[in-house]
Amino acid sequence: MTTSSMPAEMTPLRRWLLLVAVSAGVLLITLDNTILYTALPTLTAELGATASESLWILNAYPLVMCGLLLGAGTLGDRYGHRRLFLIGLVLFGAASLVAAFAPGVTVLIAARALLAVGAACMMPATLALIRIGFDDVRQRNVAIGVWGSISVVGAALGPIVGGLLLEHFWWGSVFLINVPVVLGALVLTPWVAPQARPDRSTSWDALSSLYAMVALTGAVFAIKEATGPDPSWPLLAVTAASAVAGAWLFVRRQRELDDPVLDFAVFRNQAFSAGFLAAACSMFVIGGVQLVTTQRFQLVEGYTPLQSGLLVAALAAGSLLTSLAGGATLHVLGLRTLITGGFTLGTLGMTLAALGATSHLGLLVTGLVLTGAGMGAAMSVASTAIIGNVPARQAGMASSVEEVSYEFGNLLAVAILGSLATLVYTLTVQLPSGAPAGAADSMSQAVTVAPGDPAVLAAAGAAYDTAFVTVLAIITAVVAVCAVATGWLLRHYGPGTPASAYESNH
């Protein structure tokens, strides 16, 4: 982007209304990442989905989005971020209607994939439009802080919204709720979004997106197979090889292109790399905690979807203040204080949550609040660390990298932690004699095949509690490692230091 791409008519009012418009898109995308966590037991029962199909209902969205995001950012640089944002809104609204009235699992998974296409168009454009529309670095940091808070709070509120809708409506309402938000954003965006000058010198490389999709799909299949109760080693070898081959081809392709969809040179900037790690780790934590906590309290404790959603709302409560304050205080506190300090606080919070996971609800909730506060602080400035350390002409690519980090973190949480919970359950469950065979496969199957058998449900619940505590302990270790890693990367970004190498759009 050049200086001339900054429209003269971008008044302060239009800038902040632009933030409202792109925040609506971010809210849709992040809600759809987690809104199914509380709805999944209902979807599984009403659509007759298997445990594997249930995970694919969740995984189709982040998997497709990760594969397309880098290319979408380049398309935004070439054709205009406002245009791509509007296209994404239309696709997202149409896919929401298909998902809401899906007659079966296959159509629902396909609709989730189409939702991801719309989200992949929208998400890089949201940050790129902020990067272009807010020329003043202080205002931009505040705007990105708000954007980050929407990301955190939207992801954290997903289970609550899903639970609330299921209390009063059918499962399709968790998708139908997207439509009025899409319509509102479609009306507002053409009026407030800057019409930046497209850079026709950039081009979209379809092979790059294909290779990325092969790598991610292979990795997800390999994870699921490796953590299954009876893994097929030949299939595991094939899927793992596909993941490695796809990744190798992607990296080689980027080195061959004059205008790569991912310029690996940007990772030489340590603040950029720390921002990428912070965004991925934060979503891994939030997504993982929400997934296993909502499942555990619905399946073991008998909570309603709304009750389990309100429980994990402790993450949103903790994150609200720190995510809003992060961007406003970044110029004083610096990246290291907010990101590394956030992960340090998150480590404490996850330790408390793991200790109180199955025996002390108050300790669990306290841990979730502290974890949310830590992740909110880290995520509020991770985006600034990423898009503020590339030139404006690479705003689309940087925004795509930032979004890939979020979606990759969420994808790993569902693929690894969801599969790991099932694996620990199958390895530790000790069912009474005569129990239905399906009860040994997963906690949800035990509830389905033996709903009135207290002995079977007690044994299944004990095994799932073991899985729950194990997953929380792993998340705690991941947060601690991220605290150490970001502390080293940001050792030169303490209080009072600039967070961005590019302070303006000039």
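Preceding this section is the structure that the text describes.
Conventions used here
Residue positions within a chain follow its written sequence, with the count starting from 1. Where local features are concerned, this predicted model is filtered to residues with pLDDT of at least 70; where side-chain atom pairs are given and counted, the filter is 80 or more; whole-chain, interface and lining totals use all residues. Hydrogens and water are ignored here; the side-chain numbers use all heavy atoms of the structure. Numbering of helices and strands starts at the N terminus; helices are DSSP runs of H or I of at least 4 residues and strands are runs of E of at least 2. Between the two quantities, the radius of gyration covers C-alpha atoms and the globule rule is 2.2 Å times the number of residues to the power 0.38. For every residue, the accessible area (1.4 Å probe, protein chains only) is compared with the maximum for its type, and the residue is labelled buried under 20%, exposed over 50%, or partly exposed between those bounds. Residue contacts are defined here by distance: any two heavy atoms, one from each residue, within 4.5 Å place the two residues in contact. When charges are counted, neither His nor the chain ends are considered; positive counts come from Lys and Arg and negative counts from Asp and Glu. We put the charge of a Lys on NZ, of an Arg on CZ, of an Asp on CG and of a Glu on CD. Any two rings among Phe, Tyr and Trp, with Trp reduced to its six-membered ring, count as a pair given centres within 6.5 Å; such a pair is stacked if its planes are under 30 degrees apart, edge-to-face if over 60, and tilted if neither. Axis lines are fitted to C-alpha atoms, over the contacting stretch for helices. Their N-to-C directions set the angle, which ranges from 0 to 180 degrees. Put simply, angles under 35 degrees are roughly parallel, angles over 145 are roughly antiparallel, angles from 65 to 115 are roughly perpendicular, and the rest are oblique. Helix crossings fall into two classes, left-handed where the near helix is turned counterclockwise from the far one by less than a right angle and right-handed where it is turned clockwise. Only Asp, Glu, Lys and Arg are considered charged in this grouping, and only Ala, Val, Leu, Ile, Met, Phe, Trp, Tyr, Cys and Pro are considered nonpolar; every other residue, Gly among them, is considered polar. Think of a polar contact as two N or O atoms within 3.5 Å of one another; within protein, one of them needs to be a possible hydrogen donor and the other a possible acceptor, and neighboring residues in sequence only count if both atoms come from side chains. A pocket here means an open set of points on a 1 Å grid, computed over the protein atoms alone, that has protein on both sides within 12 Å along at least five of seven lines. A cavity is instead a set of points where a 1.4 Å probe fits but cannot get out; residues with an atom within 4 Å of a point line either one. Grid points are joined across faces, edges and corners, and a volume is the space filled by probe spheres set on the points. What counts as a salt bridge is simple: a side-chain nitrogen of Lys or Arg found within 4 Å of a carboxyl oxygen of Asp or Glu. We call a set of buried Ala, Val, Leu, Ile, Met, Phe, Trp, Tyr and Cys residues a nonpolar core when their side-chain atoms join them within 4.5 Å. Excluding any residue in a salt bridge, patches collect residues exceeding 30% relative accessible area, merging like charges within 9 Å and nonpolar Val, Leu, Ile, Met, Phe, Trp and Tyr side chains within 5 Å. The Shrake-Rupley method, run with a 1.4 Å probe, gives the accessible areas here. Residue values count only the displayed protein chains as cover.

Participant: In this structure, what is going on with the overall build of the protein chain? I would like to understand it.
Facilitator: In terms of regular secondary structure, the protein chain is built from 16 helices and zero strands. The C-alpha radius of gyration of the protein chain comes to 22 Å, within 12% of the 23 Å expected for a compact globule of 506 residues. Seen through its C-alpha atoms, the protein chain measures out along the principal axes to roughly 75 × 45 × 45 Å. For the protein chain, the residues scored as buried account for 59% of the 506 residues in total. Restricting the contact set of the protein chain to residue pairs at least 6 apart, pairs at least 24 apart contribute 83%. Charge separation in the protein chain, taken as the distance between the mean sites of 20 positive and 24 negative side-chain charges, equals 13 Å.

Participant: Even after reading the chapter, I still don't get the packing of aromatic side chains, so can you show me in this structure?
Facilitator: To describe a pair of aromatic rings, you give the distance between the ring centres and the angle between the ring planes. Scanning the entire structure with this criterion turns up six aromatic pairs. With centroids separated by 6.5 Å and ring planes inclined at 80°, the aromatic side chains of F250 and F264 adopt a geometry described as edge-to-face. In this pair, F250 sits in helix α10 (residues 233-256) while F264 sits in the loop between α10 and α11 (270-299), placing the two residues 14 residues apart along the sequence. On the basis of relative accessible area, F250 is assigned to the buried category, the value being 10%. With relative accessibility at 35%, the residue F264 sits in the partly exposed group. Summarising the aromatic geometry, the rings of F267 and F272 are spaced 5.2 Å apart at their centres and angled 90° between planes, so their arrangement reads as edge-to-face. One aromatic cluster in this structure is built from F267, F272 and F276.

Participant: What's the story with the packing of helix α5 (residues 105-133) against helix α6 (residues 137-168) in this structure? I'm lost.
Facilitator: Helix packing geometry: the angle between the two helix axes and the distance between the axes. Interaxial distance between α5 and α6 falls to 10 Å at its minimum, and their mutual angle equals 155°. By the angle class used here, α5 and α6 are roughly antiparallel. As α5 runs across α6, the sense of the crossing is right-handed. Only R140, A143, I144 and W147 of α6 make contact with α5, whose side of the interface consists of M123, T126, L127, I130 and R131. Of the residues that constitute the contact of α5 with α6, the class distribution is six nonpolar, one polar and two charged.

Participant: Even after reading the chapter, I still don't get the side chain of T486, so can you show me in this structure?
Facilitator: The residue T486 is located in helix α16 (residues 454-489) in this model. Within the structure, the side chain of T486 is placed 3.2 Å from the side chain of T340, a separation counted as a polar contact. In contact with T486, not counting residues within four places along its chain, are A274, L277, I339, T340 and F343.

Participant: How should I be thinking about the environment of G341 in this particular structure?
Facilitator: Counting through the fold element by element, G341 comes out in helix α12 (residues 305-355). In this structure, the C-alpha to C-alpha distance between G341 and M65, residues 276 residues apart in sequence, is 30 Å.

Participant: Hey, could you run me through the side chain of S282 in this one?
Facilitator: With respect to the helices and strands, S282 occurs in helix α11. Excluding anything up to four places from it in sequence, S282 contacts F343, M375, A378 and M379.

Participant: Where do I start with the layout of surface pockets in this structure?
Facilitator: In this approach, a probe sized like a water molecule rolls over the atoms, and the result shows the empty space that is left. Of the volumes computed, that of the second largest pocket is approximately 370 Å³. Along the wall of the second largest pocket there are 15 residues; nearest its centre are L70, L216, F250, L262 and V404. Of all the secondary structure elements, the ones that give two or more residues to the lining of the second largest pocket are α3 (51-79), α9 (206-226), α10 and α14 (395-428).

Participant: Help me out: how do you make sense of the pattern of salt bridges in this one?
Facilitator: Opposite charge on two side chains permits them to pair, given that their charged atoms come into close proximity. For the structure on display, the rule yields four salt bridges. Of the charged contacts, one joins D32 and R112 as a salt bridge, the two residues approaching to 3.9 Å between their closest N and O atoms. One end of the pair, D32, is in helix α1 (residues 12-34); the other, R112, is in helix α5, with 80 residues separating them in the sequence. For E256, the salt bridge goes to R252, with nearest N and O atoms at 3.8 Å. With a gap of four residues between them, E256 and R252 both fall in helix α10, about one helical turn apart. Residue classification places R252 among the partly exposed residues on the basis of a relative accessible area of 41%.

Participant: Looking at this structure, how should I read the nonpolar core?
Facilitator: For soluble globular proteins, the rule of thumb is that nonpolar side chains tend to be buried together. The biggest cluster of nonpolar side chains holds 128 residues, and the ones touching the most others in it are F343 and I475. In contact with I475, other than residues within four places in its own chain, are F284, V285, G288, V289, M350 and L417.

Participant: Would you mind going over a nonpolar patch on the surface with me for this structure?
Facilitator: On the surface, a nonpolar cluster with roughly 450 Å² of combined accessible area is contributed by L97, F101, F169 and W170. Among the residues examined, L97 registers a relative accessible area of 40% and is labelled partly exposed.

Participant: What is the right way to look at the environment of L43 in this model?
Facilitator: One can find L43 in helix α2 (residues 36-47). Residue class for L43 comes out buried when judged on its relative accessible area of 0%. Along the backbone, L43 and Q295 are 252 residues apart, and their C-alpha atoms lie at a distance of 13 Å.

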